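As a plain string of letters, each chain reads:
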Amino acid sequence: MNGQIFMVDLHRQYLRLQTEIDLAMQQVLESTAFINGPQVQEFANRFAEYLGVPYVIPCGNGTDALQIALMALDLRPGDEVIVPAFTYVAAAEMVALLGLIPVWVDVEPGTFNINPALIEGALSSRTKAIVAVHLFGQSCDMEPILRIASQNGLYVIEDNAQSVGAEYTFSDGTKKKTGTMGHIGTTSFFPSKPLACYGDGGAMITSDPYLAERMRMIASHGQQVKYHHKIVGCNSRLDTLQAAVLNVKLSHLAEFAENRCHVAARYDEALRDHPAWLIPERRSYSTHVYHQYTLRVKNGRRDELQTRLKAQGVPSMVYYPLPLQKQEAFYGFARKGSALLEAEQLTREVLSLPIHTEMTEEEIDYVIRQLKENS
Ligand SMILES: Cc1ncc(COP(=O)(O)O)c(C=O)c1O
């Protein structure tokens, strides 16, 4: 194998986009409008148009986006928020930080997303919101989630950090982009994400003018008019250089997803029906942008496989090694909303393979060969 295989190859992607990126960055450098330069609003407008919503409010990162979204809902300490037990920590962390109680709900093992059938059983009189995390590039099953939310007067926040570009189809045929179905969508532009900048960045997405205005104020010290602070806020901004990068990358988003889907299709074809693992499941209600391609290693030898692959130059990652109910940070105040057996099992089985926009056929072949030879 010539060259090194990476989980995500940002350098090669940069080289492909270099002329556009360098020009966009150079323009910011020459303007020196590093904070709130025109590229920030240009990106917010273009991203809103892409998503088909009226409001995108850029912010500093995806964790801030979740915090600001939760703050905008004006919840009270002790209110409960439904969170999937198998996911990145950010949503649970922001719930806890605001004095709210995370209520863990189990996930569907095939898609890794929250299991809507378990949500109703997890509700209490204190439940105020559901965080639906679209994990690894595929939408949660939003129709039942939205129905439960509307029947019970709950807010829905979609954490779309890993699935920008995916689309959900409702049973009446209506299609909506992930991040646009709940009251608020949030996302991260961390460099490895489907839509990514060259540092930290994030955004809140909404169709509700009241929530949009609240989130805009919260992200800017709670002010509408400079030095007049109406509500308690924070400081969370997407800087102009990052917005300039995002303006370039937004134009390539469809092609990025296509490239990753090609890798996933090659993996699917070569890796299905193998006794050692299960390939990730697709659902007809969602397109997939394959932020991750994650196997479930069923023979109990996931860690051994990972070590062997590493020795052959094939990186892999365990997203995530612990379910949230086992994270020490939440001991004592979170609540189990369902049995969490699938989440627990997944943490022992999952193995994410290299997948990115620049992978060559030779690299894909090599990963497949090494997987088969080392299982
Ligand atoms: C699902 C999910 N939510 C939120 C975040 C947090 O984003 P950030 O690192 O930009 O704060 C991440 C980042 O890894 C994520 O994967």
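Residues numbered from 1 in each chain as written. Predicted model: local features only at pLDDT ≥ 70, side-chain atom pairs only at ≥ 80, totals over all residues.

On to helix 1 (residues 10-31). Between its first and last C-alpha, helix 1 extends only 26 Å over 22 residues, short of the 32 Å set by a 1.5 Å rise per residue. At Leu 17, helix 1 shows its maximal kink, close to 80°. Trailing helix 1 by a residue or two, Thr 32 shows a phi angle of about 55°, which is positive. (Helix = DSSP H or I, 4+ residues; strand = E, 2+ residues; numbered from the N terminus. Expected span 1.5 Å × (residues − 1). Bend = angle between axes of the 7 residues up to and from the residue.)

Taken together, the 3 strands give an open sheet; going across it, the order is 12-13-15, and neighbouring strands pair in antiparallel fashion. The open sheet is flanked by strand 12 (277-278) and strand 15 (350-353), the only strands paired with a single partner. Judged from the 4 bridges that link them, strand 13 (residues 293-297) and strand 15 form a sheet pairing that is antiparallel. Paired with Arg 296 across the bridge in strand 15 is Val 350. (Pairing = 2+ DSSP bridges.)

Residues Ile 68, Ala 69, Val 83, Ile 130, Val 131 and Met 204 are the most contacted members of the largest nonpolar core, which totals 103 residues. Top element by residues in this core is helix 3 (residues 62-72). It accounts for 7 residues. Viewed by domain, this core spans two of them, domain 1 (10-105 + 112-250) and domain 2 (253-373), each represented by three or more residues. Excluding its chain neighbours within four sequence positions, the residues that come into contact with Ile 130 are Ile 82, Ile 119, Ile 145, Ala 149, Leu 154 and Val 156. (Core = buried A, V, L, I, M, F, W, Y, C linked by C-beta atoms within 7 Å. Buried ≥ 20, exposed ≤ 12 C-beta atoms within 10 Å, placed from the backbone. Domains from an automatic or database assignment. Contact = placed C-beta atoms within 7 Å.)

Another aspect to go through is the environment of Val 367. Note on placement: Val 367 falls in helix 11 (residues 361-373). Residues Val 367 and Gln 4 lie 363 residues apart in sequence; the distance between their C-alpha atoms is 12 Å.

A few words now on the domain arrangement of the chain. With domains assigned, the chain is organised as domain 1 (10-105 + 112-250) and domain 2 (253-373). Spacing between the C-alpha centres of domain 1 and domain 2 amounts to 24 Å. Between domain 1 and domain 2, the contact holds 38 residues from the first and 30 residues from the second. Counting residues per element, the ones that place at least two in the side of domain 1 that touches domain 2 are helix 1, strand 2 (80-84), helix 4 (90-97), strand 3 (101-105), strand 6 (167-169) and helix 7 (240-250). In terms of residue count, the dominant contributor to the side of domain 1 that touches domain 2 is strand 3 (5 residues). A breakdown of the residues in the side of domain 1 that touches domain 2 according to their chemical character gives 22 nonpolar, 10 polar and 6 charged. (Nonpolar A, V, L, I, M, F, W, Y, C, P; charged D, E, K, R; others polar.)

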